[in-house]
Amino acid sequence: MNVVADPPIHTVKRTTPEYRRSQSLKSSTASNEYFSDYASDALSHHSDNDASVQSYETPPSRIPSPAEQPYAHDSEMTLPSRPGAIHPAPLNIRASQNAGGERTLRMLSNFDEMSPPTPGIDDTPYIRFAIEQLTRDEDVTGRGRHSTSSPERYANPLASVDELQPTTPESWTPTPSPPPPTPPQQPSSPKPQPVRRKPVAQEIMVPIDLSKELREQLGFVPTPLRLYPLATFLLLILLMIAALIFNLVFASGNHGLYDYDGNASPRYFVFKYLPQLLGSFLLLWLFVVQAAIYRSLPYFSMSSGARRNNILQDFRTIPTNYLFPDLSFFRWREPLLGAASIVFWSTFLTLPLLSCLFQTQWITNDGTPRFRWTTVRGVGWTLVALYSLLSASVLLCLFRFRRSQSAMLWDPVSIADMLCLFRRSNLVSDFEQTEVSPEPGRDIPPRVVRMGFWTTSERADVFHAIGEEFAPIKRLSYRPPLVERSSDALLQSQDKSDLEAQRFSYGSNFARNVHSPFIRYRWVPWFLRDSAVLAWIIAAVLLLIAFLTVSFVNRAVQDGFDPLLSSVTGSGGFSPANFLYSFLPCLLGTVLFLAWQPIDMYFRAAQPFCNLSRPGGADAQHSLLLHYPSQTPAGVVVHALANGDWNVAYVSFIGVLAAWIPTLSGGVFTALHFSERDQVRMVASMPGYIALCVIGGIYALSYLAVWPTRKRYLPHSFNTIAGIMSWLYASPLLDDGLVQNVRTKADLIERFSDSPATPTTGLTGDQGSKEKSRLVRRSRQPARRAGTQYGFGIFVGRDGKEHLGIDRMQRPGSQALMVYNEHDSFEYSTVARKSGSSQ
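The model shown is predicted, which means the values in this text are computed figures rather than measured ones.

Student: Explain the overall build of the protein to me, and be specific about the residues and the numbers.
Tutor: What the protein contains, in helices and strands, is 30 helices and 17 strands. Burial status across the protein gives 49% buried among its 839 residues. A separation of at least 24 residues holds for 75% of the contacts in the protein among residues at least 6 apart in sequence. Entry remark: accessible area of the protein is about 41,300 Å², with carbon and sulfur atoms responsible for 59%.

Dropping the structure here:
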């Protein structure tokens, strides 16, 4: 190694040993100040008699290079080797006097001039320091020193200086150095030992035994499935059965019920429209019960003894048992609910049967011959059987959804409820990268999940969540970006180019899918795809035109038409013509009524995501806390109008209005005998027929309003828990203070409703005193809609990567959430830019 030359004369001072790095083949060497320190010691102890001390040589500090060296004795790889190493040449140390009388010492220029340590002075620290520096690189790379000399000679390189026997001055005569010896073959370097680290204890979720206090907190049952609502519904069904039996018995023993007085009287309304209205009311109530069953069954299955591993993936939370029967309950191993579901679906047949329950009959054996209203015996007893099965199914639901089998704190119907249930779950990592999957359920491993109170192996607190028993908690940890940026730059970085650069840095298929417009607007139910909606519109308009043409051309309805069937009413009250023209129109109207229900339910369920997809996002009341599917049809209309969700309000209103189509169509026609022409013709009740035409026209034109905008298109279905959690698993909302330690639904609503514009309480969850909360709430009440906004788009998740899902529009120190604009490109929200500093 080439030693850097210092000035020739230095003042001898006692300095700390130091070393310098040099781009040489040697690892590290001591500097000239280090050697001069030895020289100053020698000079101070032997200045009177010019005696010199003995020098000792250390073994080569490097393994000789196999490369050929033309002059081996001048090579940087080895020190000059001499046979008389124990009798080295004396060091030529020249001391001189400067102008001030101070003794100076000339610096050593090479290793041959180095003087040994002075006997009697412990120089072991200096020797140890030099050896450590010479062997530093070998130790780092795992190679030890391999000496070129015998091991006995250098067995103890750190021996004390007192143990080194000095020689006589006569032995200091220098001798010529022979050529360096041939280096021995390099032994194989030992394999580096693996570093053994102390294993980090994993945090395990452990279910706890419920104490009396905790057991009292659980046991929530949705309102439609509770004892009193279900008992009321069951009572109405039993009253319907009792009314049917009474009419059947009374009509058979009294030659009918009442005399016929025309097709536009109140009595006509009672016998031809009122039964369908009552049946429609029970059917709408049944829809509410079914919706509660669908959204509650997954959570009840988590708390029961049955160990199912597909609850998150397969159990649907949105009802589909409308136009076609849903047999999924059998696949979910719920045979009783599967049978009840078939009965619920078959209940729609009650509307056509109720429309032909009462018919007119010509009575001749009870006074003056006349037409009287009577009951169709076969239809009546069929209705009794159907409603009896319905009542039994309701009892099954009452037995299945008991309070003792519930582990819920409240009805989990909104996005905010999901945040509370999965905030500390050990299942969150299973949803990784499922936000862009067409079917998230297939990408999630099957697990037996449980809902209830938990604790962990590392913490003593108790929390309510959904998780897997005795499984580790795998949290998504935040990994900051590689580019170092100041806090001011993070707050002011709202550029699209920054996020695009970050996106390309990942270079993965997942990152490309997150930003793909095709993935973002990939899914919508089949009945709301463009081709399907177009077919609905064309069919509805054509049917409406045909209906109006047939009805009013040549006064076909007003003057009546030939029934083409016998209109004579038998002893059992059955008339083929009356049955056909009551049952068939009502059946078609029931199909139209049921066909609208999936559209209505999708608009309800998708409205939170629609609001979140707006350029400015939405507040929690209009997004995270929305729960239209759990409300009654009339309640949806009222709340949607109050929230400004006009499409949902209109679609739900049409869903209720469509119930009048089977009601009117099933009772508008009746057979009348025209004595002047001695002919029986089917005549329509004009008030009811005109109302049917108006409602049918509104219904047909309403398909123009159900064309889903791009905001209602989503990456995949959200009718399962996994579908919703795929957009929440990486969201920082799971770490938000607003969802920590929430034990009541009222508390959750209050936290999100009172979330301030500043992130202080939103991130920490510190709500302060009640009085302070009231004062702050009152002061913010006029500007509540200008508070924290949430959106559906691309955000930086808890792992530091980009994800597609739900988060705040703006977080301090991070990029604003991006949503698609009308040009199929992501951009920052204008609202988020304006309010970014305050949020």
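Student: Kindly report on the pairing of strand S15 (residues 802-808), identifying the contributing residues and their values.
Tutor: In terms of burial, S15 is largely enclosed, as seven of its seven residues are buried. Bridge count between strand S14 (residues 790-796) and S15: seven bridges; the pairing is antiparallel. When the sheet's bridge partners are listed, Tyr 790 is paired in S15 with Arg 808. What sits between the antiparallel neighbours S14 and S15 is a turn of five residues, in which Gly 800 has the positive phi angle 85°.

Student: Summarise the sheet that holds strand S8 (residues 358-363); cite the residues concerned and give the values.
Tutor: Read from one edge of the open sheet, three strands run S7-S9-S8, paired in antiparallel fashion. Each edge of the open sheet is held by one strand with a lone partner, namely strand S7 (258-259) and S8. With two bridges connecting them, S7 and strand S9 (residues 370-375) associate as antiparallel partners. Bridge pairing in S9 links Asp 259 to Arg 372.

Student: Outline the UniProt feature "transmembrane region" (unreviewed entry) in the protein, listing residues and values.
Tutor: UniProt's entry tags residues 227-253, 273-294, 336-360, 380-399, 532-553, 573-596, 648-674 and 686-706 with the feature "transmembrane region" (unreviewed entry), counted in the numbering of this structure. Summarising residues 273-294: 95% helix, 0% strand, and an end-to-end C-alpha distance of 32 Å. Along residues 648-674 one finds 67% helix and 22% strand; the C-alpha atoms at either end are 48 Å apart.

Student: Which residues make up the pattern of salt bridges, and what values go with them?
Tutor: Across all of its chains, the model carries 18 salt bridges by this definition. A salt bridge links Arg 316 to Asp 326; the nearest nitrogen and oxygen atoms lie 2.8 Å apart. On the criterion of sequence distance, the pair formed by Arg 316 in the loop between helix H8 (311-314) and helix H9 (328-331) and Asp 326 in the loop between H8 and H9 is long-range, its members being ten residues apart. For Asp 326, a relative accessible area of 6% corresponds to the buried category. Its salt-bridge partner being Asp 417, residue Lys 745 comes within 3.2 Å of it at the nearest N-O pair. In this pair, Lys 745 is assigned in helix H27 (residues 745-753) and Asp 417 in helix H13 (residues 415-422), connecting sequence segments 328 residues apart. Neither residue differs from the other here; Lys 745 and Asp 417 are each classed as buried.

Student: Got a sec to walk through the pairing of strand S12 (residues 669-674)? Specific residues and values, please.
Tutor: Bridge analysis of S12 against strand S13 (residues 679-684) gives six bridges, and the strand direction is antiparallel. Looking at the pairing, Phe 669 lines up with Ala 684 of S13. With antiparallel pairing between neighbouring strands as the criterion, S12 and S13 make up a hairpin whose turn holds four residues, including Asp 678 at a positive phi of roughly 50°.

Student: I'd like a description of the nonpolar core, backed by residues and values.
Tutor: Ranked by size, the top nonpolar core spans 156 residues in total, and within it Tyr 387, Phe 422, Phe 718 and Phe 752 carry the most contacts. The element contributing the most residues to this core is helix H21 (residues 576-612), with 16 residues. Residue assignment places this core across two domains, with domain 1 (221-405) and domain 2 (524-713) each supplying three or more. Grouped together as the second largest cluster of nonpolar side chains are six residues, Val 636, Ala 640, Val 648 and Ala 649 included.

Student: So what about the packing of helix H5 (residues 227-253) against helix H7 (residues 274-303)? Which residues, and what values?
Tutor: Interhelical geometry of H5 versus H7 gives an angle of 155° and a closest axis separation of 11 Å. Taken as axis vectors, H5 and H7 run roughly antiparallel relative to one another. For the element pair H5 and H7, the recorded crossing hand is left-handed. Here H5 contributes Pro 229, Leu 230, Thr 232, Phe 233, Leu 236 and Met 240 to the contact with H7, which in turn contributes Leu 278, Gly 279, Phe 281, Leu 282, Trp 285, Leu 286 and Val 289. Considering only residue class, the contact of H5 with H7 consists of eleven nonpolar, two polar and no charged.

Student: Quick rundown of the confidence of the model for the protein? Include the residues and the values.
Tutor: In the predicted model, the protein carries a mean pLDDT of 75, and 66% of its residues have values of at least 70. Taken element by element, the predicted model of the protein shows its lowest mean pLDDT in helix H28 (residues 759-764) (32) and its highest in helix H11 (residues 350-355) (96). For residues 21-113, every residue scores under 50 in pLDDT, and the model assigns this stretch 188 contacts once sequence neighbours within four places are set aside. Every residue in residues 137-180 is under pLDDT 50, and counting partners more than four places away or in other chains gives 70 contacts.

Student: Explain helix H24 (residues 660-667) to me, using residue names and the numbers behind them.
Tutor: H24 sits mainly inside the fold: seven of its eight residues count as buried. For H24, the set of buried residues is Ile 661, Pro 662, Thr 663, Leu 664, Ser 665, Gly 666 and Gly 667.

Student: Could you give an account of the sheet that holds strand S10 (residues 449-456), naming the residues involved and the relevant values?
Tutor: Pairing is antiparallel across the open sheet formed by three strands, whose spatial order is S6-S10-S11. The sheet is open, and its two edges are formed by strand S6 (205-207) and strand S11 (463-468), each paired on a single side. Across the sheet, the mean angle from the axis of one strand to that of its neighbour is 65°, orientation sign disregarded. Bridging between S6 and S10 involves three bridges; their strand directions are antiparallel. Counterpart to Pro 207 in the pairing with S10 is Trp 454. Where H7 meets the sheet, it contacts S10 and S11, and its direction lies at approximately 55° from that of S10. Contacting S10 and S11, H13 crosses the sheet at an angle of about 80° to S11.

Student: Tell me what's going on with the side chain of Asp 600, and back it up with residues and numbers.
Tutor: On the secondary structure map, Asp 600 appears in helix H21. Engagement of the side chain of Asp 600 in a polar contact is seen with the side chain of Ser 652, the distance being 2.9 Å. Ignoring sequence-local partners within four residues, the contact set of Asp 600 consists of Val 651 and Ser 652.

Student: Explain the packing of aromatic side chains to me, using residue names and the numbers behind them.
Tutor: With the rule as written, the count across this model stands at 39 aromatic pairs. Centre to centre, the rings of Tyr 258 and Phe 271 are 6.3 Å apart; their planes meet at 55°, and the pair counts as tilted. Taken as a pair, Tyr 258 in strand S7 and Phe 271 in helix H6 (residues 266-272) lie far apart in primary sequence, 13 residues in all. The exposure class of Tyr 258 is partly exposed, given its relative accessible area of 49%. Both rings, one in Phe 329 and one in Trp 332, keep their centres 5.2 Å apart while their planes meet at 70°; by these two values the pair is edge-to-face. Trp 332 matches Phe 329 in its accessibility class, with the two residues each being buried. Taken together, Tyr 258, Tyr 260, Tyr 268, Phe 269, Phe 271, Tyr 273, Phe 358 and Trp 373 form an aromatic cluster joined through their ring pairs. Sitting above the plane of the Phe 463 ring, Arg 424 keeps its charged end 4.0 Å from the centroid. The ring of Tyr 521 has Arg 710 sitting right over it, with the charged end atom 4.0 Å from the ring centre.

Student: Before we move on, could you go through the environment of Phe 348 and cite the residues and values that matter?
Tutor: Here Phe 348 shows up in the loop between helix H10 (335-346) and H11. Judged by relative accessible area, Phe 348 falls into the buried class, the value being 12%. With 69 residues separating them in the primary sequence, Phe 348 and Gly 279 have C-alpha atoms 8.7 Å apart. Discounting chain neighbours no more than four positions away, the residues touching Phe 348 are Leu 283, Leu 587, Thr 590 and Leu 594.

Student: Talk me through H5; I want residue IDs and the actual numbers.
Tutor: An ideal rise of 1.5 Å per residue puts 39 Å on 27 residues; H5 measures up with 39 Å between its terminal C-alpha atoms. Those residues of H5 lying buried are Leu 230, Phe 233, Leu 234, Ile 237, Met 240, Ile 241, Leu 244, Asn 247, Leu 248 and Ala 251. Two residues or fewer past H5, His 255 is found with a positive phi of approximately 50°.

Student: So what's going on with the state of the cysteines? Which residues, and what values?
Tutor: For the coordinates displayed, the defined rule picks out zero disulfides. The closest cysteine sulfur to the non-disulfide-bonded Cys 356 is located on Cys 586, 8.1 Å from its own sulfur.

Student: Just give me the short version of a nonpolar patch on the surface, but keep the residues and values in it.
Tutor: Taken together, the side chains of Tyr 650, Phe 653, Ile 690, Val 694 and Ile 698 present a nonpolar region at the surface, about 440 Å² in accessible area. The dominant element in the nonpolar patch, judged by the number of residues it contributes, is helix H25 (residues 686-701), at three residues.

Calculation criteria
- Residues numbered from 1 in each chain as written.
- Predicted model: local features only at pLDDT ≥ 70, side-chain atom pairs only at ≥ 80, totals over all residues.
- Heavy atoms only, no water.
- Helix = DSSP H or I, 4+ residues; strand = E, 2+ residues; numbered from the N terminus.
- Buried < 20%, exposed > 50% of the residue type's maximum accessible area, 1.4 Å probe, protein only.
- Contact = heavy atoms within 4.5 Å.
- Areas by Shrake-Rupley, 256 points an atom, 1.4 Å probe, with all protein chains shown as cover.
- Pairing = 2+ DSSP bridges.
- UniProt positions renumbered as here; feature names shortened; annotations may be inferred.
- Salt bridge = Lys/Arg side-chain N within 4 Å of Asp/Glu carboxyl O.
- Core = buried A, V, L, I, M, F, W, Y, C linked by side-chain atoms within 4.5 Å.
- Domains from an automatic or database assignment.
- Axes fitted to C-alpha atoms, helices over the stretch in contact; angles between N-to-C directions.
- Parallel < 35°, antiparallel > 145°, perpendicular 65-115°, else oblique.
- Left-handed = near helix turned anticlockwise from the far one by under 90°.
- Nonpolar A, V, L, I, M, F, W, Y, C, P; charged D, E, K, R; others polar.
- pLDDT = per-residue confidence, 0-100.
- Polar contact = N/O pair within 3.5 Å; in protein donor to acceptor, adjacent residues only side chain to side chain.
- Phe/Tyr/Trp six-rings, centres within 6.5 Å; stacked < 30°, edge-to-face > 60°.
- Lys NZ or Arg CZ within 6 Å of the ring centre and 35° of its normal.
- Expected span 1.5 Å × (residues − 1).
- Disulfide = S-S within 2.5 Å.
- Patch = residues over 30% accessible without salt bridge, like charges linked within 9 Å, V, L, I, M, F, W, Y side chains within 5 Å.

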